[in-house]
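Below are the chains, spelled out letter by letter.
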Amino acid sequence: MSPFDRKEAQVRALLEGPHPAVPAGLAAAAAAHGRRMLRRRRALRRFGWTVLCAAALAFAVWAALTHPWVTPPADVSPPLEGW
Amino acid sequence: MGAVDRRSGRDPEFEAFVAGAAGRLLHVAVLLTAEPLYGAPAGASGGASGPTPASTAAPAARRILAGALARTYAHWERLRGDDPYDHTRQELCAAYARTARRLPPGTGVLARLGPLERLVLVMRVYEGVAEEVTAAQLGLTPERVEAVCNRAVATMRAPAQEAA
């Protein structure tokens, strides 16, 4: 056993004090809190997906109506006439 | 509410885990917060000098542990093969690291150590977590973990040697 292991063992003995009593109902309270946390997380995820889908749908509708990829007719040069 | 969780076996498994591990985890939390287990602190209301009942002793440690257990419960499905005890201890240490500056220094065994020294000492010496794992969980280099651990052990042994 190295000297440091001995020192560690001494400190470990120091840490092994009296164990505190576990309060009753800890598991039930933690489970309830965890369930609440899960529900909130699920609701947040559903909200995020809803917003994302709505945005994608709105963009598709807008693009279908306005055709933003079509180049607008150039109205700088005068129309060619008299040929 | 919770009917699905109860049917899928999450609640009984979680309750069995808490029944087995809560004692040791609460001890870890009390070591970290260095709260007194017995006897009201001086100047407490009413001057009660008897042992503090379990329901009121070490409030910060119990709060941190309850939060860590709740996170483990919420994470239960995604633990897969991982040890829930390791996960809860990691959450516990992270919660303590987040709130250590707001907590009183305490009067327990590790009251003389700073928050980082307490974390390293409890994880390395009491819980026996590997140096690399401790370093990764605390966001330090392994060399720094070793240095902090040596310093903490030296600090803890100093008065013991004086007394001997």
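Analysis parameters
- Residues numbered from 1 in each chain as written.
- Chains lettered and ligands numbered in written order.
- Predicted model: local features only at pLDDT ≥ 70, side-chain atom pairs only at ≥ 80, totals over all residues.
- Domains from an automatic or database assignment.
- Helix = DSSP H or I, 4+ residues; strand = E, 2+ residues; numbered from the N terminus.
- Nonpolar A, V, L, I, M, F, W, Y, C, P; charged D, E, K, R; others polar.
- Buried ≥ 20, exposed ≤ 12 C-beta atoms within 10 Å, placed from the backbone.
- Contact = placed C-beta atoms within 7 Å.
- Expected span 1.5 Å × (residues − 1).

Residue and element names in this part refer to chain B. Per the domain assignment, the segments making up chain B are domain 1 (1-111) and domain 2 (112-164). Put simply, the parts of the chain that give the side of domain 1 that touches domain 2 at least two residues each are α2 (10-33) and α4 (84-99). Looking at the side of domain 1 that touches domain 2, the element that brings in the most residues is α4, giving five residues. Tallied by class, residues from the side of domain 1 that touches domain 2 come to nine nonpolar, one polar and one charged.

Before going further, it helps to spend a moment on the environment of P115 of chain B. Residue and element names in this part refer to chain B. Note that P115 resides in helix α5 (residues 115-126). Taking the C-beta count within 10 Å as the criterion, P115 has 18 such neighbours and is therefore assigned partly exposed. If near-sequence neighbours (up to four positions away) are discounted, P115 is found in contact with A97 and A100.

Residues and elements named next belong to chain B. In a regular helix each residue adds 1.5 Å, so twelve residues correspond to 16 Å; α5 covers 15 Å between its end C-alpha atoms and thus fits that length. Most of α5 sits out of view: nine of its twelve residues are buried. Just beyond α5, the residue with positive phi is G128, at close to 65°.

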